[in-house]
Amino acid sequence: MRFIDLYTAKGTFSVGDGVKLVAQIEAKTAVSVSIHLKIYHLTHLIDTLSHSLSVQKGKQDIPLEWAAPLSVSRGYGVTAELQDLSGTVMDTISTAFDILSNWTAFPRYGFLTDFAPQRTDVDNTLDALVRFHINGLQFYDWQYRHDSLLPPESDYIDPLGRALSLDTVRQFIAAAHERGMATMPYLAVYAASVEFWQAHPEWALYDADGQSITFEDFLGLMDPSPGSPWIAHLQNECRQVLAQLPFDGLHVDQYGDPKEGFNVAGVPVDIPTAFAAFIHRLKEAHSQAAVVFNAVGNWPIEALATSQQDFVYIEIWPPDVYYRDVRRIVADARAMSGGKPVVIALYLPANQVTNVRLADALIFSLGGSRIELGEQAQLLADPYFPKHQTLSPDLKGTLRRYYDFVVRYGELLGPTAELLEKYEVIAPPGVWTVVRSCPGWLVVSLINMSGLDNPRWDEEQLAPMMLTAVSIQLNVPHAIHQAWWASPDLAELNLAPLPWTVGNETVSIILPKLEQWAIIAFALETMETYSDD
């Protein structure tokens, strides 16, 4: 008798929801057993539940439910024990879940790319993503044309010759909503089919020499100026999409270039201002819809970070090829946006396991997240999303733990915790530190870059050497009630107590070991104790 899996029924639960989980078990014979659930919030065991049941030989799914406290938005950990009638523990497994007022408070963004007619694996596709707590989905290249988003008939051919179906799109939207996942249709702010572009030369975007601008020879670029005929047309297209399909918002793209342009009369177009104005018009027209706009190559981040979009989405490209660039980009975006969530698109191949782990550890530590999982839990490895790659079992297991970890400790690691970039921590060479704070807590993330000399994300990195007895010193502004540590690189994700010493206003602590990523969480005495009621 053993657990095969334990996962939540939704990527995110809403306030007031009953929390539903599924335990998958395998039995060699028919037998009576019990499943004991322990629900944790941070370091507190807040509830226990017991379910007695008779199971048949073979594999089966056991639905479980917990009535969460009302009006509480935060992350939780779950440990399940499988016991026989004598109380002997036969197996243990864990997962996590969170309760959010809105998915954009802590977006874990995934993607879909295949909307073929009569697709039969819609439920299986989304069930694979639920296990990673994905709570938002970008519907990439679902549209009929860039200038005509909805197709004339249910089945249609996209600009690259793929057979698609609006019925499949609708099935995915409905199945995503059942699983607590928001749905975001892709569109490009200034792209049009060649036919539309050629038919409307007065709507097009031109370079300094008066030449019209194309993208990869199958799209023409249009003038995105506020009030331009193209923008009026695109706003109407968005309005029709949201009226006819129950999408939850709009995901807007651009191509990073051109960074300047002119209208047909030769008047310069302020492209960053035009992008921000388009976001404003969308939010004005669709106040309940989420809107996000891609800052390609981190441009124009100043305009986009301060816009009305719901979270900041950044696609990182050369020359920002170092992990230090990733750190700077996420930290700056959070600062410029007033602490909004940040989602990073960083295309890494599935065989570069260390690169993926380092990117996720760093971005999650900073309060961001990364769009990386979609379509049957495949890895996003290319800017053309259908070129996704298969995860190895080891990397899939690692990412399961990483997502469990950040969801469980969302208050400590998620977007609401303040990022303290100037906070000095003394750590061994090669150990990067990120300091966060939230009411009652100071949290230090430790990311093992030892042996990696100014590592690049665009070059394959070898796994750093595991460190033991890692000595850390820092100043803590308040008296410490307790110190804890945890790591997603361990099988056990619970926060474990750590001893500490104080001398000359400096706190010293020794972390038992550091593989890739770990946190030290200081519970502070001077802060009011939170309630788990």
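For the structure itself, look to the data block above.
What comes next is a walk through the structure.

Cut-offs and rules
- Residues numbered from 1 in each chain as written.
- Predicted model: local features only at pLDDT ≥ 70, side-chain atom pairs only at ≥ 80, totals over all residues.
- Heavy atoms only, no water.
- Pairing = 2+ DSSP bridges.
- Helix = DSSP H or I, 4+ residues; strand = E, 2+ residues; numbered from the N terminus.
- Contact = heavy atoms within 4.5 Å.
- Axes fitted to C-alpha atoms, helices over the stretch in contact; angles between N-to-C directions.
- Expected span 1.5 Å × (residues − 1).
- Buried < 20%, exposed > 50% of the residue type's maximum accessible area, 1.4 Å probe, protein only.
- Parallel < 35°, antiparallel > 145°, perpendicular 65-115°, else oblique.
- Left-handed = near helix turned anticlockwise from the far one by under 90°.
- Nonpolar A, V, L, I, M, F, W, Y, C, P; charged D, E, K, R; others polar.
- Core = buried A, V, L, I, M, F, W, Y, C linked by side-chain atoms within 4.5 Å.

One open sheet holds the five strands; their spatial order is S2-S8-S7-S4-S5, and the pairing between them is mixed. Among the strands making up the open sheet, the edge pair consists of strand S2 (13-14) and strand S5 (44-55). In this sheet, S5 lies alongside strand S4 (residues 31-41) in antiparallel orientation, the contact comprising 11 bridges. Residue pairing across strands places Ser-34 opposite Ser-52, the latter belonging to S5. The strands touched by helix H9 (residues 393-408) within the sheet are S4, strand S7 (75-83) and strand S8 (89-100), with S8 carrying the most contacts at an inclination of about 55°.

Turning our attention to helix H5 (residues 271-285). Helix length check: H5, at 15 residues, gives a terminal C-alpha distance of 21 Å against a target of 21 Å (1.5 Å per residue), a fit within 8%. For H5, every residue scored as buried is listed here: Ile-271, Ala-274, Phe-275, Phe-278, Ile-279, Leu-282 and Lys-283.

Put simply, helix H7 (residues 323-336) and helix H8 (residues 353-365) touch, their axes get as near as 10 Å, and they point 25° apart. With respect to H8, the axis of H7 lies roughly parallel. H7 and H8 meet at a crossing whose hand is right-handed. Here Tyr-323, Val-326, Arg-327 and Val-330 of H7 lie close against H8, whose contacting residues are Asn-355, Leu-358, Ala-359, Leu-362 and Ile-363. Here the contact of H7 with H8 is built from residues that sort into seven nonpolar, one polar and one charged.

Take the nonpolar core next. Core analysis: the largest hydrophobic core is formed by 141 residues, its most contacted members being Phe-139, Trp-142, Phe-278, Ile-314 and Trp-517. Among the elements that line this core, the one with the most residues is H8, at seven residues. With near-sequence residues (within four places) excluded, Trp-142 lies in contact with Phe-115, Leu-149, Leu-150, Tyr-156, Leu-164, Leu-166, Val-169, Pro-185, Tyr-186, Val-241, Leu-245 and Phe-247. Within the second largest apolar cluster, 27 residues are counted, among which are Phe-13, Val-19, Val-33 and Val-72.

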